[in-house]
Structure formats: structure tokens, C-alpha cells
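The residues making up each chain are set out below.
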Amino acid sequence: MSLHGTRNRRTLYICGTDEYGTASETQAIKEKITPRQLCNKYHSLHVETYKWFDIGFDYFGRTSTPLHTEISQEIYRNLGKNGYLERQTKEQTYCEDCSKFLADRFVEGTCPHCGADDARGDQCDSCSRTLDAIDLINPRCLIDKHHKVVTKESAHMYFRLDEIQPRTEEFVRRSWKEGHWSPNSVINAEGELIDARLKQGLRPSPVTRDLTWGVPVPVDEDDKDGMRGKVLYVWFEACIGYVSITANYSTEWKRWWFDHKNVKLYQFMGKDNVYFHTIFFPSVQIGDGRPWTMLHHINTTEFLNYEGGKFSKSKNRGVFGPAARETEVPVSVWRYYLISTRPETADATFSWAECIAANNNVLLNNFGNFVNRALKFIAANYDGTIPNSGDAPGPFSPNDEADADFISDINTLLKEYIDAMEAVKLRLSLQLVMQVSARGNLYLQSSGLNKALMLENPKRCVQVLARAANLIYLLSVLSHPFMPSTSESILKQLNAPERAVPEVFSNDILAGHKIGKPEHLFKKIDEKMADIWRDKFGGNDNAPPAQPSADATHVAPGMSKRKAQAAKKAAAAKAGPGEQDSVPKSAEVLAWEQQVAEQGQVVRELKAKPKTAETDKEISAAVAVLKKLKAELAGLQKQQA
């Protein structure tokens, strides 16, 4: 459930597998099965993996469906009717023994640039050059390397992007401004088009291919263009999959896709797919001529690297979808760590040590500690019943005699969370969730919640517990987009229903409510597992352990783990026998260190932006928050000492 869902807005969350094209055909040949069998196999694997990861698609579909064919062919025909298709004839590789033209990935040969003997028809992996299959030296057919490969002319239809470009640029500028696109797209923060293809001028792009596995090109009886037997190019029809998957999900799909005034389209992806979603597919929609719902906001990421290198399936390097489950690391931990290190503005690095630290220092010691401490106290001392604090139902007063600062801080964090989610700043939003739980920990600590408080000041103890329970209820919905199974566990322990994100912190769990059984939300992960997992998923390389990424926020800022461990040992030795139990940092100190590190990252990212009056204001505000957090951390450290 996204922010829109938790704000009671009607949403549709779809995704799917795009299954046509040469990649599927070539892999099917390697596995000695049909393309359909291959796609069935991997579609099921995707569905199972995403279900385990708690990715709550309303519908996860696929493109190899009759409705996809119907909708894709209709769009193709409309482009033709509107004058945006043209026929071009070009030379292609042709296998005389197979009696068919060979798509790029069906051809291998010697790279004309570096001499590598295993270059594909579209790219050489050795020198990373983009290739044209007809340029390969000694080309070989992938089906049988002894087949004779020659070059012959083949006709294809091309989409006249050059004719559409002025309208596409107008759309890009308008949508970028209205939808606040992420900066790593085709337009920069100043509104300048930075995509090389746009700057050089778009060229006609092929929309048909000489393949059998794909959407058949629709032809008239006379087939004047000679397209019979060909299929639509996968990069033409893949993005149409969003539409056809919606159509397979609901007969009312046109209410989503032809209502641009009332429907906003948000898309999320890696930066390597940006062109097709921001330029190519919008151009297709424009050329089609109907009033489409078009891209409102695009949210893209940079690359996530693995332990100092790159993820590589061919080298078995890195942990991929199904393998993540084998580690037995809970799905909420995976989701938290991956979103907290999400490469939103720069490449980031996956690190097993950082992943474990995220669980132990943040989820266990901060988030889980707050929830468990409060609910266990209620269960043990009040028979699991929310005591009567005297608070009226509804918003807590910001002028409350005892907790004005606490209530004000929660309301401030809540507003920042809503603003960050509306702006699709996912990493910042998750950081704010942890700041809310950290503020809850500080509240319990500063209030002195223990048996003594219950005996000496029972009225105050009851007040603290009731407000803590309501903060836990708030956390259940704030955390839901990021850790839905954790959110569900909280609701079960509270014995409370799902809720929407409120505008302000309020008293919703009332006196007399019976909670469920408190349980730990997270468990400690042994730090030694980092070496075990690093070896297991290291593949063919023996890369050194990764350094913490710039986005990592799971250790104290400015201190390496080696130095941190050395400092910890030195402090323990200095403390002497009987005093070492006081050396480990409290959950509050760890949480505030996390906040300082996270806010420091916010400041660094703002300073990296182009200098404007607006960014100067943002930097000043962010620095002020950082100074406040550092002062609070110093106070906590002094209090613990």
C-alpha cells in the first residue's frame, strides 16, 4: 500500500513481464524449450518472488496475452492512419540454412573493434561497443554455428519520431514541471533537456522485426508494405504492456488510461529504462491521437553495486531475488535496507555488514525496541488493557502541559513524512519513520517509564503508555509502504484495524482497549553471517568487502567500523570490571546517531545541487535541523555517561 493507498485514495498498482523479443527466443533455444514454456517458467518465478518480498501489486500480468496483441495492433494501426509510420529497407544478416533473417541476438561473430570472437549482433561485451550485426566479422548463426550467414535486404516499418519530437518535447517539459520528475531522467533540475537523442534530433525508429515470437504485425489483404510474417518490435510494444495488463485486470481499464484530468501515472525504474518511458512511449501515445493518461511522475534510480563491484548473473556475483529468501533474512529487513540505501541521486553499494547493522542498530534497537517496550509494559502491568489517561478522543493538544514538545515533534515529523511521500522521496520518508520511532524511544526514556513511575506517579505512567500506544498505531501506517508485514504484526499486537495516515497525531487507541500479545518485531543477526553470505554470493571473484556507501546510515558518522570496534574495546577496558555493562550505546543514542548521519546525507545532497536561491534556503533549513539533532545527541550521550 503506497502513500496514496494509506491516504484513502483510489490507486492501481500494476506490473508484469514483457515476454516477447529476441531475448526470450535465444534463451529458449539455450534451455531447449519453447519461448512460451520459458515465459511461463519465469513469470511464475517472478510472481512467487515478488509475493515473498511483500510487493503488493494489484495485478502482476504479462504481455503474451490476446488483449496485449489487440491493443498493440490498434495503436500500430492508428500511427499508420495518422501518417507516423514509414517503410525502410536495410541490409540484415540472413541464415540460408534456417531460411530466415537473424535478429541481433541470433548472430555472433568477431568484433570489428577489439577482435573478441564472442561479440553479439547488438553489442560486444568485451569492449562494450554497440554493434550492427552486419558489421560482425565471420558472423555465425546462434542456432548452428556451421550454418551459412549472409546479408540480405529486409523491409521494416519505422515510427517517425522526428515528426513527433516538437510535441514530445512540449510534453516532457510540462510533465517534468507538474510531476516533479527525479533529476536523473531526460531533463535536469533547471528544465534543460539533457537526453543525447533529443539534443541530436530524434530519428525514425524501427517498430517491426523478423521474428516469430511476438505480436504479429497487422496487415491488410494486399500487404502493400510486405509486413506479413513479421512481429512488432519488443521495444515498441513492451510499454503498451502497462495498458494491456490493466485491461487483463479490469474491464474498466479505459477509465484509468483515457482520463488524464483525473488520473496521475507514476512510474518507477532504473535509469537505463528512462528513454522508453519518458520519450518513446509518450511519443507513441501522442502519435496514436487519443486522449491518453500520460506520465505524470517518473522516479528513477542510479545503479546498486555489490560489495565493491557489480552485480553479475553470469559470474554468480550478488544476491538475486529467489536467493534472498534462502538467507532467511526477514523480508522487512531486506525491504528496509534496500530502501534505506536506495541509489536515488548516486550509485550505492550493497554491503552485507551494512545490512546486518541496519537490522541490529536501527530496526531492532530503535524501531522494535520502542514498540516492544511499551506494549510489554501494558501487557505485564495493566492486563493488556489501555489504561485511562484522561485524554479525549481526537488530536492531542500541542499545548499539552506535560508533553507539548513531544506532541509538537511528532506532528512536525508527520508533516515532513507526508510531504516527502507526496514528493516521492522514498529514502527520506523511511528515514522519517525511524525518526518517529526514535522520538518514541526518547519519550519513554525521558519520562522514566518503569515500575517506579507506575508506583510513584501512576497518573503520569498511564498517560505515557496511552500516548506511546497511539504513537505505535501511527507507526503501523507510516511503516506500511516500506515494511507491510511489520505493519501487520504491529496491528496484530495492538489488536487494531488498518488505518489511514492522519494529518496530526491523535488519540485513536482509547482507554479500555484490549491489546494482543506483544512479540519482538526483529531478532539480532550474528555479525559473522556477513562473511558467510559474502563467500556464498561472491561468485567467481574474490572482491574485498565493500566500503560503506555514501548513502549508508547504519553506523556512527565519521567513524569506520574498525575504529568503532577499537574505541568500544578501549572504553570497555577503561571502564574496568563491573562497569562494562554501561559501555554499549542505548537504543536512543543509536537512533539519534542514525538521524544525524541521515540528516548529514540530506545536507550533502542539497549542497551537490546547482546553487539557486531556493536551494540556499533548503540548505540553511537542513543545516539547522542537523545542528539541533547533534545537540540532542550530545545531551543523550551525556545523560547515558
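Please refer to the structure higher up on the page.
Residues numbered from 1 in each chain as written. Predicted model: local features only at pLDDT ≥ 70, side-chain atom pairs only at ≥ 80, totals over all residues. Heavy atoms only, no water.

## Examining the overall build of the protein
If you tally the helices and strands in the protein, you get 22 helices and 17 strands. In the protein, buried positions account for 51% of the 641 residues. Taking the intrachain contacts of the protein between residues at least 6 apart in sequence as the baseline, contacts between residues at least 24 apart amount to 75%. Summing over all exposed atoms, the protein offers an accessible surface of approximately 31,400 Å²; the carbon and sulfur share of this is 50%. (Helix = DSSP H or I, 4+ residues; strand = E, 2+ residues; numbered from the N terminus. Buried < 20%, exposed > 50% of the residue type's maximum accessible area, 1.4 Å probe, protein only. Contact = heavy atoms within 4.5 Å. Areas by Shrake-Rupley, 256 points an atom, 1.4 Å probe, with all protein chains shown as cover.)

## A closer look at the side chain of Ser205
As for its placement among the helices and strands, Ser205 is situated in strand β9 (residues 205–206). On the basis of relative accessible area, Ser205 is assigned to the buried category, the value being 17%. Non-local contacts of Ser205, meaning those with residues more than four positions away in its chain, are made with Met157, Tyr158, Phe159, Leu161 and Phe280.

## With respect to the packing of helix α4 (residues 66–81) against helix α8 (residues 240–249)
At a closest axis distance of 9 Å, the pairing of α4 and α8 adopts a crossing angle of 135°. It follows from the interaxial angle that α4 and α8 lie oblique. Crossing of α4 over α8 shows right-handed handedness. Taking contact as the criterion, the partners of Leu67, His68, Ile71, Ser72 and Ile75 in α4 are, on α8, Ile240, Gly241, Val243, Ser244, Ala247 and Asn248. Within the contact of α4 with α8, the residues separate by chemical class into six nonpolar, five polar and no charged. (Axes fitted to C-alpha atoms, helices over the stretch in contact; angles between N-to-C directions. Parallel < 35°, antiparallel > 145°, perpendicular 65-115°, else oblique. Left-handed = near helix turned anticlockwise from the far one by under 90°. Nonpolar A, V, L, I, M, F, W, Y, C, P; charged D, E, K, R; others polar.)

## What to know about the packing of aromatic side chains
Applying the stated criterion across every chain, the model contains 31 aromatic pairs. Ring geometry for Tyr50 versus Phe57: centroids 5.9 Å apart, planes at 80°, classification edge-to-face. When its relative accessible area of 24% is taken as the criterion, Tyr50 is described as partly exposed. Three or more aromatic residues joined by ring pairs form one cluster here, namely Tyr306, Phe311, Phe320, Trp334, Tyr337, Phe350, Trp352, Trp533 and Phe537. The ring of Tyr94 has Lys152 sitting right over it, with the charged end atom 4.2 Å from the ring centre. (Phe/Tyr/Trp six-rings, centres within 6.5 Å; stacked < 30°, edge-to-face > 60°. Lys NZ or Arg CZ within 6 Å of the ring centre and 35° of its normal.)

## Some points on the sheet that holds strand β7 (residues 137–141)
The strand order β6-β5-β7 describes an open sheet built from three strands, whose pairing is antiparallel. A single partner strand is all that each edge strand has here, and the edge strands are β6 (119–120) and β7. Alignment of strand β5 (residues 107–110) against β7, held across three bridges, turns out to be antiparallel. Each residue of the ladder has a partner; that of Thr110, found in β7, is Ile137. (Pairing = 2+ DSSP bridges.)

## Description of the state of the cysteines
Under the criterion given, the structure shown has zero disulfides. Cysteine Cys95 is unpaired, with the sulfur of Cys98 as its nearest cysteine sulfur at 3.5 Å. Among the cysteines around Cys114, which has no disulfide bond, Cys124 carries the closest sulfur, lying 3.7 Å off. Taking relative accessible area as the criterion, Cys114 reaches 40% and is therefore assigned partly exposed. (Disulfide = S-S within 2.5 Å.)

## Re the nonpolar core
In this structure, Trp334, Trp352, Phe367, Tyr417, Met434 and Leu478 are the most contacted members of the largest nonpolar core, which totals 79 residues. It is helix α17 (residues 458–478) that provides the largest number of residues to this core, a total of 14 residues. By size, the runner-up hydrophobic cluster in this structure holds 50 residues, among which are Leu198, Ala247, Met269 and Leu295. (Core = buried A, V, L, I, M, F, W, Y, C linked by side-chain atoms within 4.5 Å.)

## So, the sheet that holds β9
In space, the four strands of this open sheet follow the order β4-β3-β8-β9, with antiparallel pairing throughout. Each edge of the open sheet carries a strand with a single partner, namely β4 (100–101) and β9. Looking at chain direction, strand β3 (residues 85–95) and β4 are connected through two bridges and run antiparallel. Paired with Cys95 across the strands is Lys100, a residue of β4.

## Re unusual backbone geometry
One non-glycine residue, Lys32, lies in positive phi territory at about 60°. Positive phi, normally seen in glycine, also occurs at Ser99, with a value near 55°. Assignment of secondary structure puts Ser99 in the loop between β3 and β4.

## Focus: the packing of helix α5 (residues 161–179) against helix α10 (residues 274–288)
Viewed as axis vectors pointing N to C, α5 and α10 meet at an angle of 110°, and their least axial separation amounts to 9 Å. The orientation of α5 relative to α10 falls into the category roughly perpendicular. Note that α5 runs across α10; the crossing there is right-handed. In this structure, α5 contributes Leu161, Ile164, Arg167, Thr168, Phe171 and Val172 to the contact, and α10 contributes Tyr275, Thr278, Ile279, Phe280, Pro282, Ser283, Ile286 and Gly287. Residues belonging to the contact of α5 with α10 are distributed by class as follows: nine nonpolar, four polar and one charged.

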